[in-house]
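Observations on the three-dimensional arrangement
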Amino acid sequence: MTRALLSIGGNLGDRLAYLRAAVARLGTSVVRVSGVYETPPWGDSAQPPYLNAVVLVDDPTVTAREWLTRAQACESAEGRVRDPERRFGPRTLDVDVIAVWDGEPVVSDDPELTLPHPRAHLRAFVLVPWHEMQPDADLPGHGSVAALLGTPEVAADIAGVSPRPDLSLESMA
Ligand SMILES: Nc1ncnc2c1ncn2[C@@H]1O[C@H](COP(=O)(O)OP(=O)(O)OP(=O)(O)O)[C@@H](O)[C@H]1O
Ligand SMILES: Nc1nc2c(c(=O)[nH]1)N=C(CO)CN2
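How each quantity is defined
Residues numbered from 1 in each chain as written. Chains lettered and ligands numbered in written order. Predicted model: local features only at pLDDT ≥ 70, side-chain atom pairs only at ≥ 80, totals over all residues. Helix = DSSP H or I, 4+ residues; strand = E, 2+ residues; numbered from the N terminus. Rg over C-alpha atoms; globule rule 2.2 N^0.38 Å. Contact = placed C-beta atoms within 7 Å. Near = placed C-beta within 6 Å. Nonpolar A, V, L, I, M, F, W, Y, C, P; charged D, E, K, R; others polar. UniProt positions renumbered as here; feature names shortened; annotations may be inferred. Core = buried A, V, L, I, M, F, W, Y, C linked by C-beta atoms within 7 Å. Buried ≥ 20, exposed ≤ 12 C-beta atoms within 10 Å, placed from the backbone. Axes fitted to C-alpha atoms, helices over the stretch in contact; angles between N-to-C directions. Parallel < 35°, antiparallel > 145°, perpendicular 65-115°, else oblique. Left-handed = near helix turned anticlockwise from the far one by under 90°. pLDDT = per-residue confidence, 0-100.

Let's talk about the overall build of the chain
Check the secondary structure of the chain and you find five helices and 10 strands. A compact globule built from 173 residues would reach a C-alpha radius of gyration of about 16 Å, and the chain, at 15 Å, matches this within 12%. Its C-alpha atoms put the chain at 40 × 35 × 35 Å along the principal axes. Taking all contacts inside the chain whose residues are at least 6 apart in sequence as the whole, residues at least 24 apart take part in 70%.

Brief notes about the site of ligand 2
Surveying the vicinity of ligand 2 reveals the residues Gly-9, Thr-39, Pro-40, Pro-41, Trp-42, Gly-43, Tyr-50, Asn-52, Phe-88, Asp-94, Asp-96 and Phe-125. Those elements that provide at least two residues to the shell around ligand 2 are strand 4 (50–59) and strand 5 (94–101). Partitioned by chemical class, the residues of the shell around ligand 2 number six nonpolar, four polar and two charged.

What about the site of ligand 1?
Around ligand 1 sit 13 residues, and of these Asp-96, Val-97, Glu-112, Thr-114 and His-117 come closest. Broken down by secondary-structure element, the contributors of at least two residues to the shell around ligand 1 are strand 5 and strand 7 (113–115). For the shell around ligand 1, the class distribution of residues is five nonpolar, two polar and six charged.

Brief notes about the UniProt feature "domain: 7,8-dihydro-6-hydroxymethylpterin-pyrophosphokinase" (unreviewed entry) in the chain
The UniProt record annotates "domain: 7,8-dihydro-6-hydroxymethylpterin-pyrophosphokinase" (unreviewed entry) at residues 87–98. In residues 87–98, the share of helix is 0% and the share of strand is 42%. The end C-alpha atoms are 18 Å apart.

Observations regarding the nonpolar core
Counting 45 residues, the largest nonpolar core has Leu-6, Leu-19, Ala-22, Ala-53, Val-55 and Val-97 as its most contacted members. Breaking this core down by element, the ones donating at least two residues are strand 1 (2–10), helix 1 (15–26), strand 2 (30–33), strand 4, helix 2 (64–77), strand 5, helix 3 (124–133) and helix 4 (145–148). Ranked by residues supplied to this core, first place goes to strand 4 with seven residues. Among all residues touching Val-55, those that are not within four sequence positions of it are Leu-6, Ile-8, Val-23, Leu-26, Val-30 and Val-33.

Focus on the packing of helix 1 against helix 2
Packed helices, taken two at a time, are described by the angle between their axes plus the distance between the axes. Packing of helix 1 against helix 2 brings their axes to within 10 Å, and their N-to-C directions diverge by 135°. It follows from the interaxial angle that helix 1 and helix 2 lie oblique. As for how helix 1 packs across helix 2, the hand of that crossing is right-handed. Where helix 1 abuts helix 2, its residues Ala-21, Ala-22, Arg-25 and Leu-26 lie against Arg-70, Cys-74 and Ala-77.

Let's talk about the confidence of the model for the chain
The pLDDT averaged across the chain works out to 95; a share of 98% of its residues lies at or above 70. The ipTM value of the predicted complex is 0.97, and its pTM value is 0.96.

Description of helix 3
Most of helix 3 sits out of view: seven of its 10 residues are buried. Packed against the buried residues of helix 3 are strand 1, strand 3 (37–39), strand 4, strand 5, helix 4 and helix 5 (152–158).

Things to note about unusual backbone geometry
With an omega of -10°, the peptide bond running from Leu-115 to Pro-116 counts as cis. Topologically, Pro-116 is positioned in the loop between strand 7 and helix 3.

Structural data, given as structure tokens:
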């Protein structure tokens, strides 16, 4: 089997609709979805706030590389346009592959698919929803998600990550 933890987010247009479209496109592979969080932009502050969530997906037929293909298909379907001048700039939908397990964690330093995601351990917008969804989760190579929330880089950002219980992806799963 392969299981993957995907981060979904966006800060342009109807943000919730784009997150819902991603979950719908992932279809029956979706095992669990986190709550939705309003988050300050990370890495490039001159842009609107994001909505973020994480999704646990599972499909015995899907390789790690195919999870990336599926993630990118979600982005393309929702009209994501890449701005080469702004690495962390605004977008309708971003779907990142945070980690993949094929029984064991999949590790890769391929620039096309680096696993675990090379910045996940620094991102409160990934770790806070993941911890809510799976309090005992480990980010391969970095230890427990709970402990990562206490590291200085992440702890400084946690206060800005606000739950949005009024917005739900749950009925999509
Ligand atoms: N774990 C991964 N998940 C998603 N993309 C990855 C991963 N590892 C490497 N990549 C590569 O990163 C490239 C840039 O992806 P993208 O434009 O979505 O980055 P970003 O979302 O702006 O920034 P970040 O990767 O920091 O989230 C993609 O072409 C993809 O091949
Ligand atoms: N809050 C937040 N900031 C970001 C996000 C994101 O999903 N949420 N994605 C980025 C590129 O991967 C860059 N910055």
